[in-house]
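Here is how the chains run, residue by residue.
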Amino acid sequence: MAKTGHVPTNHRAILLAIFIAFGFLFGYDIGVISGILIMPDFIRRFGQVSSDGTYYLSSSRQSIITSLLSAGGSLAQAFTTDSMGRRGSILLWSAIFTIGVAVQTATTYSIVQITIGRFVAGLGVGALSAIVPLYNGETAPKSIRGMMLVLYQLQIIVGIFLSYIIDLATHTIANSASWRIPVGLQMLWGLILLSGIFFLPESPRHLLGMHRDEQARAVIAELNSVPIDSEVVAAHFVELAEAIKAENEGGKATWAECFSTRNALWKRTGNGMMLQFIQQLNGQNFYYYYGDTFFQSAGTQLSPYVIQTILGAVSVVGTVPALILIETWGRRRSLLTGAIWEAICAIIAGLVGHYTLAPTGTPAADLTQRNKNGGNTLIAFAVLHVFGFSMFWGPTPWVYLGESFPLRVRAKCIALGSATNWIWNFLLSFFAPRIAARIGPLILLIFFGMLVFGYVYVYFAIPETKGLSLEEVDEMYRAGVKPWKSSTWKPSQKHQYPTERAKEVHSKAEEMA
């Protein structure tokens with residue numbers, strides 16, 4: 001007999017999510033390399049010698065070093081998350097990441113060795129970037145799931161910001177410590193994550209999928225801070241068990257099923273991948289690459305390290321409101337608002353930059369007042385663009401990715417979305433500098449067009465998932481609810497309960513929650 005009277009709390013779930021969203025490990029890895037590539041000792045060790053005897057890193061070598069091939073890791077994790085479990089998979093890929101960092105740190109002059117280290121670490125980063133939203137989506141209570149997934153994005157941004165600060169602090173060191181310290185610190189982050197995994201529970205949805213019912217009940221009780229014989233546990237268990245039973249009737253899932261017409265999976269997978277694609281082409285990364293040029297055009301003498309740190313701080317501040325907006329405004333409204341906000345910033349910055357900035361390399365003494373005013377305007381809208389991205393399009397696609405798929409294909413679908421993000425991240429970093437070298441700030445008009453497309457796509461294709469359990473999201477897609485009407489849709493819940501008693505138990509648990 002299930003006991004009543006225990007009010008579920010989210011304290012345990014929040015603590016678990018804060019730890020597992022140790023996302024600044026990924027953010028730090030993304031951010032640290034940009035500063036290292038321009039450190040003199042690093043260039044001397046891994047660069048080439050020019051005709052005048054100076055060292056330089058060619059664009060091809062920079063591409064080799066920076067291309068983590070993280071997309072491969074995000075796809076590979078799909079083969080481990082189901083067989084080893086979410087917890088075991090996090091343990092494996094954290095270890096792989098840490099090994100890759102150790103290889104990089106131990107490198108002396110070999111471009112091959114540091115590339116191998118980057119490759120191995122990249123596999124780990126890519127895998128973890130897909131597993132963490134998966135794990136958080138399956139363990140966080142639905143009332144705070146969006147906030148927990150935004151917390152993951154916040155920690156990524158904090159990691160990028162931290163890497164900029166450490167690069168700023170060490171870049172003046174005259175020896176290899178200038179880059180070994182920032183790189184080597186990643187081993188500390190990896191080891192912390194590795195050690196903490198042993199204290200984390202497995203996903204209750206995965207446990208039920210593996211027929212480990214009693215362990216699933218124990219985890220549900222732990223995440224809600226109630227006794228195992230509480231009605232809250234009974235209600236959640238019945239809800240998950242029935243949904244998983246219905247999902248698994250079709251046998252073992254394949255990659256092709258991610259694009260099947262069953263339960264509108266093709267639409268859900270396509271939405272997850274498209275949001276990641278649009279996110280990478282929002283234009284915010286361009287400011288990180290060319291922020292120093294913009295600042296110098298305004299007449300400042302700030303170093304690239306200081307400029308990166310400023311933009312990183314703006315990103316951190318911008319992500320904090322998203323923790324609240326994701327559950328108050330919802331997913332659709334956040335994406336739609338962000339698309340308008342960033343599109344306005346992109347078109348103003350692009351046109352002002354094109355018509356008022358001085359040519360790249362113009363001495364500060366030769367800048368006219370028009371050049372400086374144009375530079376100041378562009379800087380202001382660059383900061384607003386980065387702020388808007390951090391508040392809306394930075395976290396929301398990851399939230400959507402973590403809560404849109406049924407259990408049987410969830411790992412594979414999230415892997416495809418995460419891989420899309422990494423592939424376009426690489427393509428953007430590879431081609432954007434070349435495009436900008438030809439058309440300058442007008443490249444921002446490309447991002448403006450993508451943001452307009454993003455607004456239209458979200459309006460017609462992305463449903464609202466705020467406040468729904470993962471099983472209710474599944475029901476909404478099966479019901480064929482129009483995205484622009486989804487914010488008012490209510491789940492029937494009838495398919496989740498085989499008996500009236502089960503439904504009654506769930507209703508009581510909802511009242512207690």
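Nothing here was measured: the structure is a model prediction, and the numbers come from that model.

What counts and how
- Sequence order as written defines residue numbering, which begins from 1 separately in each chain.
- Only residues with pLDDT of at least 70 get local features here, since the model is predicted, and only at 80 or more are side-chain atom pairs given and counted; chain-wide, interface and lining totals rely on the full set of residues.
- Each side-chain value is derived from all of the structure's non-hydrogen atoms; neither hydrogens nor water enter the calculation.
- Think of it this way: any DSSP run of H or I at least four residues long counts as a helix, any run of E at least two long counts as a strand, and we number them from the N terminus.
- Accessible area is worked out with a 1.4 Å probe on protein chains only. A residue is then buried under 20% of its type maximum, exposed over 50%, and partly exposed in between.
- Between two residues, a contact is recorded if the distance between any of their heavy atoms is within 4.5 Å.
- For every accessible area listed, the method is Shrake-Rupley and the probe measures 1.4 Å; residues are considered covered only by the protein chains on display.
- Helix axes are fitted to C-alpha atoms over the stretch in contact, other axes to C-alpha atoms as well, and angles between N-to-C directions run from 0 to 180 degrees.
- Note on terminology: angles under 35 degrees are roughly parallel, angles over 145 are roughly antiparallel, angles of 65 to 115 are roughly perpendicular, and the others are oblique.
- Two helices cross in a left-handed way if the nearer one is turned anticlockwise from the farther one by less than a right angle. They cross in a right-handed way if the turn is clockwise.
- The working definition used for a salt bridge is a side-chain nitrogen of Lys or Arg within 4 Å of a carboxyl oxygen of Asp or Glu.
- Working rule for helices: expected span equals 1.5 Å times residues minus one.
- Throughout this entry, Asp, Glu, Lys and Arg are counted as charged residues, while Ala, Val, Leu, Ile, Met, Phe, Trp, Tyr, Cys and Pro are counted as nonpolar. The remaining residues, Gly among them, count as polar.
- In these notes, a set of buried Ala, Val, Leu, Ile, Met, Phe, Trp, Tyr and Cys residues joined through side-chain atoms within 4.5 Å is what counts as a nonpolar core.
- Known as pLDDT, the predictor's confidence for each residue is given on a scale from 0 to 100.

**Focus: the overall build of the protein chain**
Along its length, the protein chain carries 23 helices and two strands. A burial count over the protein chain gives 56% of its 513 residues as buried. Sequence-distant contacts in the protein chain: of pairs separated by 6 or more residues, those separated by 24 or more amount to 79%. Of the roughly 20000 Å² that the protein chain leaves accessible, carbon and sulfur atoms contribute 66%.

**What about the packing of helix 14 (residues 265–280) against helix 21 (residues 443–461)?**
The geometry of helix 14 relative to helix 21 is characterised by a closest axis approach of 10 Å and an angle of 155 degrees between their N-to-C directions. Classified by the angle between their axes, helix 14 and helix 21 sit roughly antiparallel to one another. At the point where helix 14 passes helix 21, the crossing takes the left-handed sense. Facing Gly270, Asn271, Met274, Leu275, Phe277 and Ile278 of helix 14, the residues of helix 21 in contact are Met450, Phe453, Gly454, Tyr457, Val458 and Ala461.

**Focus: the pattern of salt bridges**
The final tally for this structure, using the stated rule, is eight salt bridges. Note that Asp41 is salt-bridged to Arg44, the shortest N-O span being 2.9 Å. Note that Asp41 and Arg44 are positioned in helix 3 (residues 40–46) at a spacing of three residues, about one turn of the helix. Overall, Arg44 belongs to the partly exposed group, its relative accessible area being 35%. When salt bridges with common partners are traced through the structure, they connect Asp41, Arg44 and Arg45 into a single cluster.

**Concerning helix 12 (residues 213–224)**
Its twelve residues give helix 12 an end-to-end C-alpha distance of 17 Å, which sits within 8% of 16 Å, the value for a rise of 1.5 Å per residue. Here helix 12 has its buried residues at Ala216, Val219, Ile220, Ala221, Leu223 and Asn224.

**Here's the deal with the packing of helix 7 (residues 85–105) against helix 10 (residues 177–197)**
Two elements in contact, helix 7 and helix 10, have axes separated by 9 Å at closest approach and are oriented at 160 degrees. Comparing their axes, helix 10 and helix 7 come out roughly antiparallel. The two elements helix 7 and helix 10 cross, and the hand of that crossing is left-handed. The residues of helix 10 that touch helix 7, namely those facing Arg87, Ile90, Leu91, Ser94, Ala95, Phe97, Thr98, Val101, Ala102, Gln104 and Thr105, are Trp179, Arg180, Val183, Gly184, Gln186, Met187, Gly190, Leu191, Leu193, Leu194 and Ile197. Its residues placed into classes, the contact of helix 7 with helix 10 shows 13 nonpolar, seven polar and two charged.

**Here we look at unusual backbone geometry**
Positive phi values are uncommon outside glycine, yet Asn263 reaches one of about 55 degrees. Looking at the secondary structure, you find Asn263 in the loop between helix 13 (231–247) and helix 14. You will see that Ala264, though not glycine, has its phi angle at about 60 degrees, which is positive. Within the secondary structure, Ala264 sits in the loop between helix 13 and helix 14. Here Ala264 falls in the buried class, since its relative accessible area comes to 13%.

**Some thoughts on the environment of Val132**
Relative to the elements of secondary structure, Val132 occurs in helix 8 (residues 111–139). A relative accessible area of 2% means that Val132 is categorised as buried. For Val132 and Leu149, which are 17 residues apart along the polypeptide, the C-alpha to C-alpha distance reads 8.8 Å.

**Quick word on the nonpolar core**
Ranked by internal contacts, the top residues of the largest apolar core, which has 54 residues, are Leu25, Phe26, Ile36, Phe42, Leu128 and Trp179. It is helix 8 that contributes the most residues to this core, ten residues altogether. Beyond its immediate sequence surroundings of up to four residues, Trp179 is in contact with Ile36, Met39, Asp41, Phe42, Arg45, Phe46, Gln104 and Thr107. With 41 residues, the next largest nonpolar core counts Ile443, Tyr457, Ala461 and Trp489 among its residues.

**Here we look at the confidence of the model for the protein chain**
Per-residue pLDDT for the protein chain averages 79, and the proportion of residues at 70 or more is 83%. Per-residue pLDDT, averaged within each element of the protein chain, yields its smallest value for helix 23 (residues 500–512) (45) and its largest for helix 21 (95). Long-range and interchain partners of residues 1–8, a stretch whose pLDDT sits below 50, account for 23 contacts in this model, where long-range means more than four residues apart. Long-range and interchain partners of residues 508–513, a stretch whose pLDDT sits below 50, account for twelve contacts in this model, where long-range means more than four residues apart.

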